[in-house]
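# Reading the structure
What follows is the residue order along each chain.
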Amino acid sequence: MKKKPLVAPLLLCCSLLCLAPAAAPRRLPLHAHAHLPPPYARNATAYAASAALCPGCEAWADALEFLYYHNLVRLASLEPPLAWSPRLASYARWWAAQRRGDCALRHSFPDGQFALGENVFWGGPGGAWRPRDAVSDWAAEGTDYSYADNACAPGRECGHYTQIVWRRTTAVGCARVACDGGGVFITCNYYPPGNVVGERPY
């Protein structure tokens, strides 16, 4: 007796498989995205160096942003990257808290008695004023610094820039506070301090 080929069952099986819904794409766990750089980090070298030198910065996103923009400026001058210092950041937070009431653009040390390097910034009411804004403002002074003369252009400031790129400075800590009357006060402290009279930053 001749057997019939099993074509129909095979076709039915194929039809069932073809009609079956496609498997849902596997979703990555949330922690798989934890190490992706933030949108502002366009320079991979500066970001990688900053992330490696910013232990515990996951607790405050601003910390890594402050450090990244500092190291981006230093990279342009071929200076080694700074590390984030929780102790300097704690001091900066203390001083920022003192300025919450008036947002006065004042240093925490009397003139000529700086135990730490310090840059301060004030942004007026209505702006978010991120770490990038402060560091970019300080770094812009680089156009007014003459390495040959080791001096600022006449009538201009450049000390904020030279502190950022000071070769012997190795650590930074910053703070940002929204002031009661509007505006934002930002301060960063550096160690060892830069802007030593008679010395060049790099």
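Parameters at a glance
Residues numbered from 1 in each chain as written. Predicted model: local features only at pLDDT ≥ 70, side-chain atom pairs only at ≥ 80, totals over all residues. Heavy atoms only, no water. Salt bridge = Lys/Arg side-chain N within 4 Å of Asp/Glu carboxyl O. Helix = DSSP H or I, 4+ residues; strand = E, 2+ residues; numbered from the N terminus. Buried < 20%, exposed > 50% of the residue type's maximum accessible area, 1.4 Å probe, protein only. Phe/Tyr/Trp six-rings, centres within 6.5 Å; stacked < 30°, edge-to-face > 60°. Lys NZ or Arg CZ within 6 Å of the ring centre and 35° of its normal.

The name given to the protein in an unreviewed UniProt entry is SCP domain-containing protein, with Sorghum bicolor as the source organism.

For the coordinates displayed, the defined rule picks out seven salt bridges. Here Arg130 ties to Asp62 by a salt bridge, and the two come within 2.6 Å at their closest N and O atoms. In this pair, Arg130 is assigned in the loop between strand E2 (117-123) and helix H5 (131-139) and Asp62 in helix H3 (residues 61-76), connecting sequence segments 68 residues apart. For Arg130, a relative accessible area of 29% gives the class partly exposed. Looking at Asp62, the relative accessible area reads 7%, which means it is buried. Between Asp102 and Arg99 there is a salt bridge whose closest N-O contact spans 2.9 Å.

On to the packing of aromatic side chains, then. Here the structure, examined in full by the defined rule, presents 13 aromatic pairs. When the ring of Trp60 is compared with that of Trp84, the centres are 6.2 Å apart and the planes differ by 55°; the resulting orientation is tilted. On the criterion of sequence distance, the pair formed by Trp60 in the loop between helix H2 (44-52) and H3 and Trp84 in strand E1 (residues 83-84) is long-range, its members being 24 residues apart. Overall, Trp60 belongs to the partly exposed group, its relative accessible area being 29%. Under the relative-accessibility criterion, Trp84 is labelled buried at 9%. Seen from their ring centres, Tyr68 and Tyr69 are 5.0 Å apart, and the 75° between their planes marks the pair as edge-to-face. Residues Tyr68 and Tyr69 agree in their burial class; the two are buried. The rings of Tyr91, Trp94, Trp95, Phe109 and Phe114 are connected pair by pair, giving a single aromatic cluster. Its guanidinium or amino end placed over the ring of Trp95, Arg99 lies 4.7 Å from that ring's centre, counting from NZ or CZ. A cation sits over an aromatic face here: Arg200 above Tyr147, 5.1 Å from the ring centre.

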